[in-house]
Amino acid sequence: MVIIESKNVFLRNINSTTDNLDEYLSWLRDTDTNKFIVSAKSDYSMSELVDYVNQKNLSDDTLFLGIFMVNSQRLIGTIKLEPIDSKEKFAWLGMLIGSKADHGKGYGFEALGLILKHAREELGLKLIYLGVDLENLAARNLYLKHGFKFNSSKLNVMELELD
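All values derive from a computational prediction rather than experimental measurement.

Here's the deal with a nonpolar patch on the surface
Together, Leu134, Leu144, Phe150 and Leu155 make up a nonpolar patch on the protein surface, roughly 350 Å² of accessible area in all. Among the structural elements, Leu155 can be located in the loop between strand S7 (149-150) and strand S8 (157-161).

Some remarks on the pairing of strand S2 (residues 9-12)
Along S2, one buried face is formed by Val9 and Leu11 and the opposite face, lined by Phe10 and Arg12, is buried too. In this structure, strand S1 (residues 3-5) lies alongside S2, joined through 3 bridges in antiparallel fashion. When the bridges of S2 are listed, Glu5 appears paired with Phe10. The loop that links S1 with its antiparallel partner S2 comprises 3 residues. Where S2 meets strand S3 (residues 63-69), 4 bridges bridge the pair, whose relative direction is antiparallel. For Arg12, the partnering residue across the bridge sits in S3 and is Gly66.

A look at the packing of helix H3 (residues 107-121) against helix H4 (residues 137-145)
Between two packed helices, what matters for the description is the angle formed by their axes and the separation of those axes. Taken N-terminus to C-terminus, the directions of H3 and H4 make an angle of 45°; their axes are 10 Å apart at the nearest point. Considered as vectors, H3 and H4 are oriented oblique to each other. Between H3 and H4 lies a crossing whose hand is right-handed. Each of Gly108, Phe109 and Leu112 in H3 lies in contact with H4, whose residues at this interface are Leu142, Tyr143 and Lys145. Classifying every residue of the contact of H3 with H4 by side-chain character gives 4 nonpolar, 1 polar and 1 charged.

Calculation criteria
Residues numbered from 1 in each chain as written. Predicted model: local features only at pLDDT ≥ 70, side-chain atom pairs only at ≥ 80, totals over all residues. Heavy atoms only, no water. Patch = residues over 30% accessible without salt bridge, like charges linked within 9 Å, V, L, I, M, F, W, Y side chains within 5 Å. Areas by Shrake-Rupley, 256 points an atom, 1.4 Å probe, with all protein chains shown as cover. Salt bridge = Lys/Arg side-chain N within 4 Å of Asp/Glu carboxyl O. Helix = DSSP H or I, 4+ residues; strand = E, 2+ residues; numbered from the N terminus. Buried < 20%, exposed > 50% of the residue type's maximum accessible area, 1.4 Å probe, protein only. Pairing = 2+ DSSP bridges. Axes fitted to C-alpha atoms, helices over the stretch in contact; angles between N-to-C directions. Parallel < 35°, antiparallel > 145°, perpendicular 65-115°, else oblique. Left-handed = near helix turned anticlockwise from the far one by under 90°. Contact = heavy atoms within 4.5 Å. Nonpolar A, V, L, I, M, F, W, Y, C, P; charged D, E, K, R; others polar.

Shape is all these values report; function is a separate question.
Below you can see the structure in the form of structure tokens.
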């Protein structure tokens, strides 16, 4: 189990049997709030979510973690590196702060900093890619603050060198 902690948030594996996934499911079903999340759909089922979490947890080339509040242990989002290419030293990143009440409070910034440090120091990665919807200004700004730059050949792809 991976546990990475900072002042306000910690990252750890989501357990589909012990963690309450009801709120997570509500985020995926809320296509208005999560219009930039490709997997969001109004008819997402609990069994689909449980299968998804279990599949990610069992994958050798995926680090899929929940973003939890330190003070309450409440799940507020997810963050993942997938696929992780250990040979070429890169991964793709995906992130969701699903809880509307926690948008704009810096928790995503904190969680992103934790996963990037882990990717560099523990996984030995050199490059992180991510796809971002150009209309998602909050996400773009978050990634830019962490040093991501837009890829010169693909407009909606950002990258960060971890050296």
